[in-house]
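Residue strings, one per chain:
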Protein chains: 2
Amino acid sequence: MIVGHGDDRYSYGGLVRYDFSSNVPYRNHAGEIIDYLSGRLESLTHYPDPQAKELRELLAQHWRLDPDWLLVTNGSTEAFYLLAHLFAGGKTLITVPSFAEYEDACQLYRHHLTYIPTSDIANQSAPADLLWSALPNNPDGDITHRTGLLNYCSAHPDSYVIVDEAYAELCAEAVTLLDEVAHHPNLIIVRSLTKSFALPGIRLGYIIAHPSLLARLEPLRSPWSVNALALEAGAYICQHYDQLLPDATGLVREAQHLAHEVAQIAGVSLIPSSTPYFLACLDEGRGTAAQLKEYLVTQHGVLIRDAANFRSLSPRHFRLSVQSPEAGQALLRGLSSYL
Amino acid sequence: MIVGHGDDRYSYGGLVRYDFSSNVPYRNHAGEIIDYLSGRLESLTHYPDPQAKELRELLAQHWRLDPDWLLVTNGSTEAFYLLAHLFAGGKTLITVPSFAEYEDACQLYRHHLTYIPTSDIANQSAPADLLWSALPNNPDGDITHRTGLLNYCSAHPDSYVIVDEAYAELCAEAVTLLDEVAHHPNLIIVRSLTKSFALPGIRLGYIIAHPSLLARLEPLRSPWSVNALALEAGAYICQHYDQLLPDATGLVREAQHLAHEVAQIAGVSLIPSSTPYFLACLDEGRGTAAQLKEYLVTQHGVLIRDAANFRSLSPRHFRLSVQSPEAGQALLRGLSSYL
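Residues numbered from 1 in each chain as written. Chains lettered and ligands numbered in written order. Predicted model: local features only at pLDDT ≥ 70, side-chain atom pairs only at ≥ 80, totals over all residues. Heavy atoms only, no water.

Novice: Give a description of the overall build of chain A that names residues and reports values.
Specialist: Helix and strand content of chain A: 12 helices and 13 strands. Taken over the C-alpha trace, chain A has a radius of gyration of 20 Å; the compact-globule value for 339 residues is 20 Å, and the two agree within 12%. Seen through its C-alpha atoms, chain A measures out along the principal axes to roughly 55 × 55 × 35 Å. For chain A, with 339 residues in total, the buried portion stands at 63%. Nonlocal contacts in chain A, meaning residues at least 24 apart in sequence, comprise 73% of its contacts between residues at least 6 apart. By element, 48% of the accessible surface of chain A is carried by carbon and sulfur atoms, the whole surface being about 12,500 Å². (Helix = DSSP H or I, 4+ residues; strand = E, 2+ residues; numbered from the N terminus. Rg over C-alpha atoms; globule rule 2.2 N^0.38 Å. Buried < 20%, exposed > 50% of the residue type's maximum accessible area, 1.4 Å probe, protein only. Contact = heavy atoms within 4.5 Å. Areas by Shrake-Rupley, 256 points an atom, 1.4 Å probe, with all protein chains shown as cover.)

Novice: Quick rundown of the sheet that holds strand 10 (residues 277–282) of chain A? Include the residues and the values.
Specialist: All names here are of chain A. One open sheet accounts for 4 strands, arranged 9-10-13-12; its pairing is antiparallel. Each end of this open sheet is capped by a strand with a single partner; those strands are strand 9 (268–270) and strand 12 (305–306). Docked against the sheet, helix 10 (residues 248–264) engages strand 9, strand 10 and strand 13 (317–321), running at close to 150° with respect to strand 9. (Pairing = 2+ DSSP bridges. Axes fitted to C-alpha atoms, helices over the stretch in contact; angles between N-to-C directions.)

Novice: Go over the interface of chain A and chain B, please, and point to the residues and values.
Specialist: In this complex, chain A contributes 47 residues to the contact, which on the side of chain B involves 47 residues. Together chain A and chain B conceal approximately 4,000 Å² of surface at their shared face, both sides included; 67% is due to carbon and sulfur atoms. At the junction of chain A with chain B, the criterion picks out 0 salt bridges. At the junction of chain A and chain B, the tally comes to 14 residue pairs in polar contact (both at pLDDT 80 or more). Within the residue set of the side of chain A that touches chain B, elements represented by two or more residues are helix 1 (30–38), helix 3 (75–86), helix 4 (100–108) and helix 8 (228–239) of chain A. The leading source of residues in the side of chain A that touches chain B is helix 1 of chain A, at 4 residues. (Buried area = accessible area lost by both parts, 1.4 Å probe. Salt bridge = Lys/Arg side-chain N within 4 Å of Asp/Glu carboxyl O. Polar contact = N/O pair within 3.5 Å; in protein donor to acceptor, adjacent residues only side chain to side chain.)

Novice: Could you give me a rundown of the state of the cysteines, with the residues and numbers involved?
Specialist: All names here are of chain A. Summed over all chains, the structure comprises 0 disulfides over all chains. Between C106, a cysteine without a disulfide, and C153, which holds the nearest cysteine sulfur, the sulfur-to-sulfur distance is 16 Å. On the basis of relative accessibility, which here comes to 0%, the residue C106 falls in the buried class. (Disulfide = S-S within 2.5 Å.)

Novice: Requested: an account of the nonpolar core, with residues and values cited.
Specialist: Formed by 112 residues in total, the largest nonpolar core has its most connected members in I33 and L44 of chain A together with I33 and L44 of chain B. Contact partners of L44 of chain B, with chain neighbours within four places excluded, come to L37, A198, L199, P200, G201, I202 and L229 of chain A together with N227, A228 and L229 of chain B. Residues Y81 and L83 of chain A together with A79 and L82 of chain B belong to the second largest nonpolar core, which totals 63 residues. (Core = buried A, V, L, I, M, F, W, Y, C linked by side-chain atoms within 4.5 Å.)

Novice: Tell me what's going on with the relation of the copies chain A and chain B, and back it up with residues and numbers.
Specialist: Note on the copies: chain A fits chain B at an RMSD of 0.0 Å, the axial shift is 0.0 Å, and the rotation between them is 180°. Considering both components of the superposition, the chain copies are consistent with a two-fold axis. When C-alpha positions in chain A are compared against the rotation axis, the closest is assigned to S38 of chain A, at 2.8 Å. (Least-squares fit on C-alpha atoms with pLDDT ≥ 70 in both.)

Novice: Provide a residue-level description of the sheet that holds strand 2 (residues 70–73) of chain B, including the pertinent values.
Specialist: In a beta sheet, neighbouring strands are held together by backbone hydrogen bonds and run either parallel or antiparallel to one another. All names here are of chain B. Overall, mixed pairing links the 7 strands, which are arranged 2-8-7-6-5-3-4 in an open sheet. Two strands close off the open sheet at either side, each with one partner strand: strand 2 and strand 4 (112–116). Between one strand axis and the next, the sheet turns by 20° as a mean value, whatever way the strands run. As paired elements, strand 3 (residues 91–95) and strand 5 (residues 130–134) share 3 bridges and run parallel to each other. Within strand 5, the position partnered with L93 by the bridge is L131. Here helix 3 (residues 75–86) sits on the sheet in contact with strand 2, strand 5, strand 6 (160–164), strand 7 (187–192) and strand 8 (205–208), set at roughly 155° to strand 7. Where helix 5 (residues 146–155) meets the sheet, it contacts strand 3, strand 5, strand 6 and strand 7, and its direction lies at approximately 155° from that of strand 6.

Novice: I'd love a proper account of the domain arrangement of chain A, names of residues and values included.
Specialist: Residue and element names in this part refer to chain A. What the domain assignment reports for chain A is domain 1 (9–27 + 247–338) and domain 2 (29–244). Taking the mean C-alpha position of each, domain 1 and domain 2 sit 26 Å from one another. Each partner contributes residues to the interface: domain 1 has 19 residues there, and domain 2 has 23 residues. Here domain 1 and domain 2 share an interface that buries about 1,700 Å² over both sides, 64% of which is from carbon and sulfur atoms. Connecting domain 1 to domain 2 are 1 salt bridge. Between R311 and E103 there is a salt bridge, and its shortest N-O distance comes to 2.5 Å. At the boundary of domain 1 with domain 2, the tally comes to 6 residue pairs in polar contact (both at pLDDT 80 or more). (Domains from an automatic or database assignment.)

Novice: Explain the side chain of D19 of chain A residue by residue, including any values.
Specialist: Residue and element names in this part refer to chain A. Structurally, the position occupied by D19 is in strand 1 (residues 18–19). Accessibility expressed as a relative area gives 10% for D19, which makes it buried. At 2.6 Å, the side chain of D19 and the side chain of S21 are in polar contact.

Novice: Give a detailed account of the pattern of salt bridges, specifying residues and quantitative values.
Specialist: All names here are of chain B. Scanning all chains against the criterion turns up 18 salt bridges over all chains. With its nearest N and O atoms 3.5 Å apart, the salt bridge here joins R27 to D247. Note that R27 is positioned in the loop between strand 1 (18–19) and helix 1 (30–38) and D247 in the loop between helix 9 (241–244) and helix 10 (248–264), a separation of 220 residues in sequence. Overall, the relative accessible area of 31% leaves R27 in the partly exposed class. Using a relative accessible area of 37% as the deciding quantity, one classes D247 as partly exposed. The closest approach of N and O atoms between R191 and E169, which form a salt bridge, is 3.3 Å. Note that R191 is positioned in strand 7 and E169 in the loop between strand 6 and strand 7, a separation of 22 residues in sequence.

Novice: Lay out the packing of helix 10 of chain A against helix 12 (residues 325–338) of chain A with the relevant residues and their values.
Specialist: Residues and elements named next belong to chain A. Contact pair helix 10 / helix 12: the axes reach a minimum separation of 10 Å and the direction vectors enclose 15°. By the criterion of interaxial angle, the relationship of helix 10 to helix 12 is roughly parallel. The two elements helix 10 and helix 12 meet at a crossing, and its hand is right-handed. On the side of helix 10, the interface is formed by L258, E261 and V262, while helix 12 contributes G328, Q329, L331, L332 and L335. Classifying every residue of the contact of helix 10 with helix 12 by side-chain character gives 5 nonpolar, 2 polar and 1 charged. (Parallel < 35°, antiparallel > 145°, perpendicular 65-115°, else oblique. Left-handed = near helix turned anticlockwise from the far one by under 90°. Nonpolar A, V, L, I, M, F, W, Y, C, P; charged D, E, K, R; others polar.)

As C-alpha cells, then:
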C-alpha cells in the first residue's frame, strides 16, 4: 500500500488537534452506532457468518435488489483486491487522480495499466477489459464524469466498469449509479458503509453487481473476512439508514465556505469540489505540501493530507476535509502564517 | 470455503442449546476482554494502523522476538491465503485430516497438492516447495508429528513448512515450535489470537517467520484488513497474556473424561487427542455423522461438528469440543438415545 494515506494521526503521537486529512465526515452519527454496538460485543464470541446472509438481505431490502446482487466485504479495500484478482492480467484503465489502492491492487495482479483523466473516458475508442473510477472522485470531489461513465458502459458492453462510490452519500446532490446496475451488467459498484457512517476502523463495504459477476468473485474470497461486530454495525445501519446518514448538504456548504476562505489567502489555489473534501495547491515557489503538512502539524496541531502521492498531482497539492468552525480557524491561521 | 464448518449455529435458528461444534474453549476469559473493549469502541472512528505497529511490538515483546519477525493478519485465515498466494503454483504437501482452508487457499492459487498422513512426514525423500500442517492438529488433537515437522525442516532447508498453531495454547503440554523459528528460516508459524482467547468473531491472527519471508508477504496484503477493535483486543491480550489464557490442563482433563464416557456407549469409537476437542466415529451400520448431527440438534439442542468433509475421514466421523458438565450430560443422553 501507499505510505501517506490520510488519517495517519497514529504517526504523530499526540500532536494532532485538528484532523483535516481524513474524508470521514466530522459531523456524523457514529456515536449512536457505537452506543448500539456496546450492547452487541458478545457477537465477538462466535464466528461471523461468512456469507453475511442477514446483512446482505438488509442491504438488498434497502436498495430494492435481490440479495444475490450483493457481496459484503472487509471494507471497500477487500472489494478492490477481489476485483483486481478476478480481472488479473487484464487491460485496465484507471482514472486519475484517484485512490492509490486501485493501482496497487491492479499491480499485484499484473494488470496492464493506463491512466487517464476523467475527461478522457468518453474518448476511449478501443475498450479496455476494465475501467476503474470513483464517483464522486477522491481526492478532488469531481462528479462531472458521471455521464461519461454511463456512456462508456453502454458503448462497451464487453468492458467492465468499477465505480467506487465510497463518498456518494457525502454529495449534496444524488450522484450514485446504483439505479443503473440493473440496466448495465458490466457495471460494478463498490460501496463503503464506514465512510458515510464515520466508522473507518470497523472495515465494512460491499459490492453491487450482476449476480453472474459476484458468483465469479465469491470463490476468490478468504472466508470470515468481515468481523462479527462489523456485521452487527451493518445490520443496525440498515435498520436506521436515513437517520444515520450525515447531513451532506450542510457539510458541502461548510466545505465551500472553508474553501472560499482558503482561496482568499495568497499563494494557494483551489479546485472546485462537490464533496466535503477538496483539493488545494500551493503556488510555485511556496514549497511543497509535505513541508506545509509538517509545519501545520508541528506548529498548529493541524493535520492535512499531502496529496503529492496521488498520480497526476504535483508535490504542491494537498487535500482538506471540512472540520468544525474552530478547526477551520486554526487551519486558516496556520496557512496564513505559513504563506 | 467449505460448507459445514463448526460453530454454524447461525444455520439452526434458536435450536442450539449446547454447542460442541466449535473448538473455542468453553471456559475462557473472553468476558474480561469484552469488558475492556466496551470502553474502546471509539477506536472504530479512525482507520486502523495498517502495519499494526503497536500490536506487533507487544507480540514481539511477549515472544521475545524482533517485531520484524511478526505479521498481524485478519484471523489466521488471511495468513493462510497470503501464504498460499506467495507460494502460488508450488508443489505442496498437506497433512490430513486438517482444516479445509489450507486446501482451499492452495487450490485458489493453483498449487500442485499431495495429501499425506502426519505419519508420512518423515518419509518424504523428495522435498516439496511447501509442507502444510497443524500442531496440535485439527480435527483430531494429534501432536505426535511435532518431531517429524522439525526433522523435515532440518532435512529440507529449501522447502518451507507452515505450522498452524491456532490451538497450541489449548494443549496441556507445550507443543509450540515458536522457539525453533530462529533456528529454521524455513519454518512459518501461524497463530490465532481468537482461539485461545475465545473471540473468533474478532478476526485476529499473526504469522511468525523469518523477516525475509515476511518482507515477501507484505506486498500481497490488502491494507487495513484488521479492524481497529481487533487491534485493541490484541494489545489488551498481550498486556495480560497469561491471566487471559484458558486453563488448558483442566479443559483437556474434562475432555478426556467426556471422551471416556462417550466411549462407553456402544456404537461409537474414539480417537485419542491431546486437546479439548477430539474425533469420534460411528461404527458401521450406525448411520452417518450428518444424520447424527441432525438428530442431536433437532431432538436434543446439541450441535456437533460433522467431520465428514475433512479429507481422509469417513462420513461417520464427528468432532466434539468439551463443554460444561450439564452440556456433556445432554450430549451423552442424545448419543445414547440415537445409538
